[in-house]
Amino acid sequence: MLNIKYLKTSNISVLRFIEYLKNYYKNIYFDTGIVDEYQIIDWYINKTDKLYNEIKYQINSTLEKWYFWNIYEITDNFEKSKLVLKVRSYTIVIDIYKSWNNILIEDIFIN
């Protein structure tokens with residue numbers, strides 16, 4: 001069993017991305033003048049809130065598989081690696097430090 005920990009900055013980067021998406025949807029639909037824009041925006045915001053959980057679940061489940069990692073630095077104490085995932089239409093790049101069964105998620109980039 002892996003002990004997975006997230007640095008505060010990695011969680012903040014995911015939360016910022018989700019806030020960006022919420023604002024993006026609000027701006028698009030408020031500018032269109034669609035009659036039920038509030039209903040559409042509520043739907044998108046609910047789906048976007050679920051995206052955070054999807055990203056975390058996908059990271060944790062993929063880390064358990066081990067074989068998707070790209071190791072690019074090895075020292076006596078840790079391995080530094082990258083993991084690239086697809087969640088919905090987003091590409092997620094994760095910087096990871098691994099020491100035995102302890103994993104530290106250093107940073108998460110979302111495109």
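A word on the pattern of salt bridges
Within the structure shown, the criterion is met by four salt bridges. In this structure, Asp49 and Lys22 form a salt bridge, with 2.6 Å as the shortest nitrogen-oxygen distance. Highlighted residues: Asp49 in helix H2 (residues 37-63) and Lys22 in helix H1 (residues 8-32), separated in sequence by 27 residues. Here Asp49 falls in the partly exposed class, since its relative accessible area comes to 35%. Put simply, Glu19, Lys22 and Asp49 are held in one network by salt bridges that share partners.

Observations concerning the environment of Ile55
Within the element layout of this structure, Ile55 appears in helix H2. Exposure remark for Ile55: the relative accessible area of 1% places this residue in the buried category. With 37 residues separating them along the chain, Ile55 and Ile92 place their C-alpha atoms 8.4 Å apart. The residues contacting Ile55, other than those within four sequence positions of it, are Val14, Val87, Ile92 and Ile110.

Quick look at the confidence of the model for the protein chain
Taken as a whole, the protein chain shows an average pLDDT of 84; of its residues, 87% reach a score of 70 or greater. Model confidence for the protein chain, summarised as mean pLDDT per element, is weakest for strand S2 (residues 70-74) at 81 and strongest for strand S5 (residues 102-110) at 91.

Scoring rules and cut-offs
Residues numbered from 1 in each chain as written. Predicted model: local features only at pLDDT ≥ 70, side-chain atom pairs only at ≥ 80, totals over all residues. Heavy atoms only, no water. Salt bridge = Lys/Arg side-chain N within 4 Å of Asp/Glu carboxyl O. Helix = DSSP H or I, 4+ residues; strand = E, 2+ residues; numbered from the N terminus. Buried < 20%, exposed > 50% of the residue type's maximum accessible area, 1.4 Å probe, protein only. Contact = heavy atoms within 4.5 Å. pLDDT = per-residue confidence, 0-100.

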